[in-house]
Structures are given as C-alpha cells and as structure tokens.
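Results of the structural survey
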Amino acid sequence: MNTILRKLQEVRDRVAQAARQAGREAPAILAVSKGQPVEAIREAMAAGQGSFGENYVQEASEKIAALGPAGPEWHFIGPIQSNKTTAIAEHFAWVHSVDRLKIAERLSAARPSHLPPLQVCLQVNISGEASKSGVAPADLRALAESVSQLPRIKLRGLMAIPAPAADPVAQRQPFRVLRELLEQLIAQGIPLDTLSMGMSEDLEAAVAEGATIVRVGTAIFGQRVAK
Ligand SMILES: *Cc1c(COP(=O)(O)O)cnc(C)c1O
C-alpha cells in the first residue's frame with residue numbers, strides 16, 4: 001500500500017477513535033499540502049481526500065493550475081497579505097486565517113460573482129504573545145459582527161493555532177477556550193458552525209473539544225520541504 005494512503009488511513013483512525021472517546025461527531029480532515037508536490041496531492045485524492053490546505057499563494061496557485069477544474073476543494077490557511085486577497089478570493093473555497101476587517105472586506109469585494117460566497121473562519125490569537133497572528137479574544141465579537149455583514153463572505157466559525165504543548169491536558173485548554181468563544185458568538189446571535197483546530201501533534205485534544213475541521217499535514221504527507 002502506498003505511504004500516503006496508509007498514513008491517511010492512520011489519521012482517519014486517530015480522528016475516529018478520538019471522536020468515539022469524546023462522544024462527538026468526527027470532524028472533517030483538511031490535508032495540509034504546503035511544501036508537498038502536486039503528485040502527493042494526486043495520491044491523497046486517489047485515496048479519497050477531497051480538501052487541501054495551503055499557506056502560500058504563489059505555491060498554491062501553481063498546484064491549483066496544475067490540477068485544474070477536476071482539482072480538490074482548496075482552503076487557504078496561511079497569513080494573508082492585502083496584495084494577495086484577489087488571488088485568494090478567486091482560487092479558494094475557504095479561508096481559515098482572516099484576522100482583520102480590512103482583509104475580509106477585500107476578500108468580499110474580490111470574490112467573483114460566478115462563485116458561491118467565500119467560506120471564512122476568523123483566526124483567534126488564543127495563546128497571547130506566542131503567536132502574532134489572530135484577532136485578540138476581546139476584539140472578536142466586533143470583528144465577527146462586521147465580517148458576517150459582508151455580501152460575498154459566509155462567516156462559518158473560528159480557527160486557532162495554539163502554542164505547542166506536550167501533554168493532552170495542556171493541549172486541550174486553548175481548544176476549550178476557542179470552543180467557548182464560538183459558543184458565545186452563537187449565543188449572541190451570530191450563526192456559526194465551524195471550529196478549525198488541531199494538527200498532526202494535537203488532533204486528539206482538538207477533537208475532544210469539538211473540532212469540526214482538523215488541519216493535518218505531516219501525519220499524512222511526512223516531512224515537508226521548508227519554505
Ligand atoms: C502547516 C499547518 C498545519 C499542519 O501542520 P502539521 O503539524 O504538519 O500537521 C495546520 N494548520 C496550519 C495553519 C498550518 O500552517
């Protein structure tokens with residue numbers, strides 16, 4: 001059996017077991033293909049993987065062009081520069097890493113009218129200074145209210161990349177905070193359904209706290225070529 005198929009099945013098993021243990025529905029798996037060749041994406045697609053995450057617009061654009069209209073669903077998960085918003089709005093179905101209104105406005109304005117609204121998650125800075133990206137929890141509600149009004153964006157939920165933690169208890173804490181922030185926004189009348197959280201090293205903890213999308217790179221594809 002080829003390696004990507006085998007590793008993908010291992011990840012599916014990990015996710016399914018964590019969901020069973022938590023008594024939760026299993027989340028979707030987003031295969032993070034940054035630093036991986038198009039051939040690796042083709043292999044994962046052949047193994048039934050339908051959605052892929054990329055962090056860099058230039059690298060992603062080449063893969064999206066190579067795979068063409070029969071390609072997978074593309075999710076942008078990296079930091080967003082404002083001069084890249086048009087390319088992102090044209091080529092991706094989802095963006096997980098919106099953290100300021102100006103970027104959301106540009107994405108909405110650039111979303112082509114023949115495509116459905118761009119599916120968006122707001123990235124939250126859960127670990128304080130550990131990460132520079134993400135909206136501060138105190139500013140989240142105002143941002144969510146503004147982004148949810150934009151015509152060509154469908155606000156779906158929240159994303160976070162917590163600082164790495166070794167043990168499962170410490171791993172769960174920031175994921176719990178993100179879930180509680182989502183629940184607060186829903187209670188405040190913003191209809192959201194997505195928690196994008198958990199990567200190769202901490203996906204069990206994220207599933208236990210209610211992840212609906214886990215973003216998994218190395219556990220599926222092995223080590224990537226560094227940027
Ligand atoms: C690279 C990356 C991932 C995947 O990380 P792995 O540890 O390889 O699973 C997930 N989310 C984001 C935002 C990333 O940049």
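As a reminder, the structure under discussion sits directly above these lines.
Let me sum up the structure you'll find in this document.

Looking at the element boundaries, Glu59 is found in helix H3 (residues 57-67). On the basis of relative accessible area, Glu59 is assigned to the buried category, the value being 15%. Within the local environment of Glu59, its side chain forms a polar contact with the side chain of Lys63, the two groups lying 2.7 Å apart.

Turning next to the environment of Leu181. Within the secondary structure, Leu181 is located in helix H7 (residues 168-187). Taking the relative accessible area as the measure of exposure, Leu181 reaches 12% and is therefore buried. Measuring from C-alpha to C-alpha, the distance between Leu181 and Val11 comes to 27 Å, with 170 residues separating the pair along the chain. Sequence-distant contacts of Leu181, that is, excluding residues within four places in its chain, are made with Val124, Ile126, Pro137, Leu140 and Leu158.

Moving on, we come to the site of the ligand. The environment of the ligand is made up of Val32, Lys34, Asn55, Ile77, Ile161, Met199, Ser200, Arg215, Val216, Gly217, Thr218 and Arg224. Here a nitrogen atom of the ligand sits 2.9 Å away from a polar atom, N or O, in the side chain of Arg215. Between the ligand and the protein, one listed contact pairs an oxygen atom with a side-chain N or O atom of Arg224 at 2.8 Å. Calculation on the ligand without its partners gives an accessible area of 390 Å², and the protein chains cover 90% of this total. Among the residues forming the shell around the ligand, the class breakdown is five nonpolar, four polar and three charged.

Let us look at the nonpolar core. Residues Val95, Leu107, Leu122, Leu158 and Ile220 are the most contacted members of the largest nonpolar core, which totals 64 residues. With six residues, helix H1 (residues 3-22) is the largest single contributor of residues to this core. Excluding residues within four positions of it along the chain, Ile220 makes contact with Ile4, Lys7, Leu8, Val11, Ile29 and Ala31. If you look at the next biggest cluster of nonpolar residues, it comprises seven residues, including Val32, Ile77, Cys121 and Met159.

How each quantity is defined
- Residues numbered from 1 in each chain as written.
- Predicted model: local features only at pLDDT ≥ 70, side-chain atom pairs only at ≥ 80, totals over all residues.
- Heavy atoms only, no water.
- Helix = DSSP H or I, 4+ residues; strand = E, 2+ residues; numbered from the N terminus.
- Buried < 20%, exposed > 50% of the residue type's maximum accessible area, 1.4 Å probe, protein only.
- Polar contact = N/O pair within 3.5 Å; in protein donor to acceptor, adjacent residues only side chain to side chain.
- Contact = heavy atoms within 4.5 Å.
- Near = heavy atom within 4 Å.
- Areas by Shrake-Rupley, 256 points an atom, 1.4 Å probe, with all protein chains shown as cover.
- Nonpolar A, V, L, I, M, F, W, Y, C, P; charged D, E, K, R; others polar.
- Core = buried A, V, L, I, M, F, W, Y, C linked by side-chain atoms within 4.5 Å.

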